[in-house]
Amino acid sequence: MRTQVGIVGAGPAGLLLSHLLHLRGIDSVVLEAHSRDYVQKRVRAGVLEQGTVDTLVATGLGDRLLREGLVHHGIELRFGGQSHRIAFEKLVPGRAITVYGQQEVVKDLIAARIAAGGRILFEVSGVAPTGFDTAHPSIGFTHAGLRQTLECDFIAGCDGFHGVCRPAIPDGVLTCYDREYPFAWLGVLAEVPPSSEELIYAHNDRGFALHSMRSPEVSRFYLQVAPDEDVASWPDERYWAELRARLETVPGWHLRTGPVLEKVVAPMRSFVAEPMRYGRMYLAGDAAHIVPPTGAKGLNLAAFDVGVLAQALAAWYADGSTGLLDAYSGTCLRRVWRVQHFSWWMTTLLHAFDGYDGYDRRLQRSHLDYVCGSAAASASLAENYVGLAHV
Ligand code: FAD
Ligand code: DHB
C-alpha cells in the first residue's frame, strides 16, 4: 500500500490533518487502533477556541458545528460565595468559544473523509513506523488479519500520549518535560439541562468543580478527586452531593441533576516532547504534548499543530521547499509552551492543594480576587482562554 502521508491515529489531530491535506490535493491513509464506533463515542473535550472553529468552518466542516455548537461570550469563576464573570465581549471583542463535543468534531471529520473517498483503516494492530530517518519511511500494520506495509513520504504521529510513534524515535533525540498533579478529574455526562448558561469554574476548599454542557439537554461536570480515585467509590448520589457542596455556594443557585450517561476519571498531566520531529516523522497533538484540562486546550492545540503541518507539507509537495517543515517544531512549540503555562496557571489558580497552609491559601485567594477584579488580569485570562491569535 502506498500514500503520500501515513497518519497514525484517528483522533482530532490525525483526522483533521488528513482532511486538510486532502483539500490541498495530498493523499493520506489513517491507521487507527480502535473501531469507528469507539472513537466516535469517546467523550473528551468540549470547548473550541475561535481559531479552531474558524479552521473547521473554512474547511467545510461548519454545517452541524454552526447549527448545534453553543457560542459562549463569557465564563464564570465562582469562589468565596460569589460569581465573577469573565466577559469576553468586553475583554476580547469579537472572540468567543464554542461548546461542541470532541466526539462531534470526530464524527464530522470521519464523515467528511469518507464522503471524499478518504482511506481510514480502523481496528489495525501492530502499528510499527520505520525508515523515517531515510527518504522512504513506511508503517507496518495488521488489518483484518493481514500484515501489510504502508509506504509513504512522511509519517504523522497523531496517536496520542500512549501511541507508538513517539517511542519509535531513537533514545536521546527527544527531550521530555513533564509535571504530574496530585489530583485527577472525575467527569460525568448527564442527561439534564445545564443549570447555568455559561461554564462555571468553581474554586472551593473541598476541591475544584466545573459545570459545563454539551447541548440544551445534556450537561458535563468535573470534580477534582484523588489521582488514583476509583469510579466505583462514586455512586451517583455521592457525585451529585459533592457537586452541590462545591457549586451551590452562591445565593439562589441550584444544581439540576439527572440520569448519568457516563462517569470516567481523567488523569492530570503536563508533558512536552521536543523537538516535535525526527527525520520524516512529525508528531502532532497529544503524541507530542499534554496539558491538564483546566484551560480546555488539548484539542485546540492538536488542531493548531496539524494546521501548521498541513501547510508545511503542502509547500514541500508544491516545490520541494523544506523551510516550513524545518520550522514546524519551533512554530508549534511557541504556542505549546504558552498553552502549557496557561493550563498550569489555571490549574494552580483553581484547585485545592493538600499541602497548602494558611499562607498558600491566602495567596491563592488574593490571586483569584486579582484575576476577577482587575481588567488587565481578566483580559489576560480571557485572551488565553479564547485562544491567542499571535502565537
Ligand atoms: P487522541 O484524541 O488521543 O487520538 C489519538 C488516536 O490514536 C486515538 O484514536 C487512538 O486510539 C489512536 N492510537 C493510539 N495508539 C495507536 C496505535 N498504536 N496505532 C493506531 N492508532 C493508535 N481536553 C480538554 O481540553 N478538555 C477535556 O475535558 C479533556 N478531557 C480529556 C479526557 C481524557 C480521558 C483524555 C485522555 C483527554 C482529554 N482531553 C481534554 C484532551 C483532549 O481530548 C486531547 O488533547 C485530544 O484528544 C488530542 O487529540 P489527538 O488527536 O492528538 O489525540
Ligand atoms: C470542558 C472540559 C474542560 O477541560 C474545560 O476546561 C471546559 C469544558 C468540557 O468537557 O465541556
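Figured I'd write up the structure that's included with this text.

The rules behind each value
- Residues numbered from 1 in each chain as written.
- Chains lettered and ligands numbered in written order.
- Predicted model: local features only at pLDDT ≥ 70, side-chain atom pairs only at ≥ 80, totals over all residues.
- Heavy atoms only, no water.
- Near = heavy atom within 4 Å.
- Polar contact = N/O pair within 3.5 Å; in protein donor to acceptor, adjacent residues only side chain to side chain.
- Areas by Shrake-Rupley, 256 points an atom, 1.4 Å probe, with all protein chains shown as cover.
- Helix = DSSP H or I, 4+ residues; strand = E, 2+ residues; numbered from the N terminus.
- Buried < 20%, exposed > 50% of the residue type's maximum accessible area, 1.4 Å probe, protein only.
- Contact = heavy atoms within 4.5 Å.
- Phe/Tyr/Trp six-rings, centres within 6.5 Å; stacked < 30°, edge-to-face > 60°.
- Axes fitted to C-alpha atoms, helices over the stretch in contact; angles between N-to-C directions.
- Parallel < 35°, antiparallel > 145°, perpendicular 65-115°, else oblique.
- Left-handed = near helix turned anticlockwise from the far one by under 90°.
- Nonpolar A, V, L, I, M, F, W, Y, C, P; charged D, E, K, R; others polar.
- Pairing = 2+ DSSP bridges.
- Expected span 1.5 Å × (residues − 1).

Time to look at the site of ligand 2. Around ligand 2, the surrounding shell holds 15 residues, and the nearest of these are Tyr 201, Ser 212, Arg 214, Tyr 222 and Pro 293. With respect to ligand 2, the side chain of Arg 214 contributes an N or O atom lying 2.7 Å from an oxygen atom. Contact distances for ligand 2 include 2.6 Å between an oxygen atom and a backbone N or O atom of Pro 293. Look at ligand 2: alone it shows 290 Å² of surface, and the protein chains cover 97% of it. Elements represented by at least two residues in the shell around ligand 2 include exactly strand S15 (209-213) and strand S16 (219-225).

Moving on: the environment of Lys 297. The topology assignment puts Lys 297 in the loop between strand S20 (289-290) and helix H9 (298-319). When its relative accessible area of 1% is taken as the criterion, Lys 297 is described as buried. With 262 residues separating them along the chain, Lys 297 and Ser 35 place their C-alpha atoms 25 Å apart. Apart from residues lying up to four places away in sequence, Lys 297 is in contact with Glu 49, Val 291, Val 339, Phe 342, Ser 343, Asn 384, Tyr 385, Val 386 and Gly 387.

Let's shift gears to the packing of aromatic side chains. Centre distance and the angle of the planes are the two values used to describe a pair of aromatic rings. Applying the stated criterion across every chain yields a total of 20 aromatic pairs. The interplanar angle of 90° and the centroid separation of 4.9 Å between the aromatic rings of Phe 154 and Trp 316 together place this pair among those described as edge-to-face. Here Trp 316 lies in helix H9 and Phe 154 lies in strand S12 (residues 154-157), a separation of 162 residues in the sequence. For Trp 316, a relative accessible area of 21% translates into the label partly exposed. Members of the aromatic cluster, joined through ring pairs, are Phe 88, Trp 185, Tyr 201, Phe 208, Tyr 222 and Tyr 385.

Before going further, it helps to examine the packing of helix H10 (residues 323-350) against helix H12 (residues 375-386). The contact between H10 and H12 brings their axes to 11 Å, and the two run at 120°. On the basis of the axis angle, H10 is oblique to H12. Crossing angle aside, the handedness with which H10 passes H12 is left-handed. Along the contact surface, H10 presents Arg 338, Phe 342, Trp 345 and Met 346, while H12 presents Leu 381, Asn 384 and Tyr 385. In terms of residue class, the contact of H10 with H12 is made up of five nonpolar, one polar and one charged.

When you line up the elements, Asp 108 lands in helix H6 (residues 102-115). In this structure, Asp 108 is in contact with Leu 61, Arg 64 and Tyr 100, ignoring residues within four places of it in sequence.

Here we take up the sheet that holds S20. Read from one edge of the open sheet, eight strands run S6-S5-S14-S15-S16-S13-S17-S20, paired in mixed fashion. Lying at the two open borders of the sheet, with one neighbouring strand each, are strand S6 (82-87) and S20. Pairing geometry for strand S14 (residues 200-202) and S15, over three bridges, is antiparallel. What sits directly across from Tyr 201, in S15, is Leu 210. Those strands touched by H10 are strand S13 (175-190), S14, strand S17 (260-274) and S20, and its axis lies near 130° from that of S17.

Another point: H9. With 22 residues, H9 extends 33 Å from end C-alpha to end C-alpha; this agrees with the ideal 32 Å at 1.5 Å per step. Downstream of H9 by one or two residues, Gly 320 has phi in the positive range, about 75°.

Further remarks concern the sheet that holds strand S1 (residues 5-8). Strands sit in the order S8-S2-S1-S12-S19-S18 across an open sheet of six strands; the sheet is mixed. Of all the strands in the sheet, the pair left with one neighbour each is strand S8 (119-121) and strand S18 (277-278). In the sheet, S1 pairs with strand S2 (residues 28-31) via four bridges, with the strands oriented parallel. Its bridge partner lying in S2, Ile 7 is registered against Val 30. Each of S1, S2, S8 and S12 touches helix H1 (residues 12-23); the most contacted strand, S1, lies at about 160° to it. Lying over the sheet, H9 contacts S1, S12 and strand S19 (281-283), oriented at roughly 180° with respect to S12.

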